[in-house]
Structure formats: structure tokens, C-alpha cells
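Letter by letter, the chains look like this.
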Amino acid sequence: FLKYEFYEYLIKSENKKIVNTIKEYLILYYLAGNTKELDISFIKFWTLSEKIIKDIGGDMTDGKLVKYMQKILKYYGYPNYIQNSISHIKNKRNKLVHENINNIDQIDRNIIKLVADTIIWFIMEYNEIVKNMSEYKIILDYFNQDNKRTIELLNKIEELKSQNNK
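Residues numbered from 1 in each chain as written. Predicted model: local features only at pLDDT ≥ 70, side-chain atom pairs only at ≥ 80, totals over all residues. Heavy atoms only, no water.

Visitor: Teacher, can you tell me more about the pattern of salt bridges here?
Guide: Opposite charge on two side chains makes pairing possible when the charged atoms of those side chains draw close. Taken as a whole and assessed by the stated rule, the structure comprises ten salt bridges. Linking K51 and E24 is a salt bridge whose minimum nitrogen-to-oxygen distance equals 3.4 Å. Pair noted here: K51 is in helix α3 (residues 38-57) and E24 is in helix α2 (residues 16-33), with a separation of 27 residues, a long-range link. With a relative accessible area of 36%, E24 lands in the partly exposed category. Here E158 makes a salt bridge to K161, at a shortest N to O gap of 3.2 Å. One end of the pair, E158, and the other, K161, are both in helix α8 (residues 148-164), three residues apart, so they sit about a helical turn from each other. Residue classification places K161 among the partly exposed positions, given a relative accessible area of 44%. What emerges from the salt-bridge pattern is a single network uniting E24, K51 and D55. (Salt bridge = Lys/Arg side-chain N within 4 Å of Asp/Glu carboxyl O. Helix = DSSP H or I, 4+ residues; strand = E, 2+ residues; numbered from the N terminus. Buried < 20%, exposed > 50% of the residue type's maximum accessible area, 1.4 Å probe, protein only.)

Below, the structure is given as C-alpha cells:
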């Protein structure tokens, strides 16, 4: 998951606040990965993924959280069956947490680990172009769509603002 060269690049980054946040995520990732109990490891990877997405997008519904997880997986080219499994995994997570029904298997744990891997990679990949965590939301909201019309509208808004400032 983490190449040493990229880690060195990250450490040299001038965006220290985000680098410190990434370090925190990597510690939580390490703890989740080194937990022997499958269900506890699963919960730790889920919680880490949820924490990162909520650090980016603020408080949100479970449905929106799942959509963001799916968006990131789609962006990095993971197959639809993996993207679509997130809703099912969320239901298993809810049964475990709220009803103490543990039907987590190795595949569930591996998929949520993949989500955490991918989200952390996303944060690291774009750390030099964002100024804060909330700017990642802009990338997430727009990177799986055609943005030509959005750019046209933003350019029009800038024109209108400059006209009003004269």
C-alpha cells in the first residue's frame, strides 16, 4: 500500500497540517491491521474510513457516506461488484454495532480495508493541491463527472463579480 518513496515525498510536503492528519490516519490504519479479532479489525477499518470521509465532508448520513466510499472506489477503477458491496457491508456493520450480531467474514474485512487503503491513498495523492481537508470534498464531488458546464458557470460568476467590483 505505502511505498517508501511516496512516504518520503509526503514528509517533505509543505502542507504540514494535512501531513499530520495523514500520519494520524496511518497510525489508526496500523492499529486496525494488527488487530487479531476479525470483527474488531473490521470495525476499526470502517471507523477509520468513516472518520476520513467525515473529516472531508462533515457530518453526513450513512447513505451519503456509502456514496463517497463508492465514488472513491470508482475513481480508482475498482469493479462495480466491490463498489456495490459497500451497502451490504454497512448493513453488516450496523448489525454488529447495534444488535451484536457478528456475521463479518474475511471478505468483508478485506473490502473495508481496501476502502481505507484507497481513501488514504486519495488523501496522500492530492495533499499538495489542497489547502485543507474540506477541499478534498470538492475533488470528490466533481471528479467522476464532466465538469465543462460547471467550469463555464464558475467563469461566468467570476465575470459577474469583476463587473460588480468596478
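Read on for the rest.
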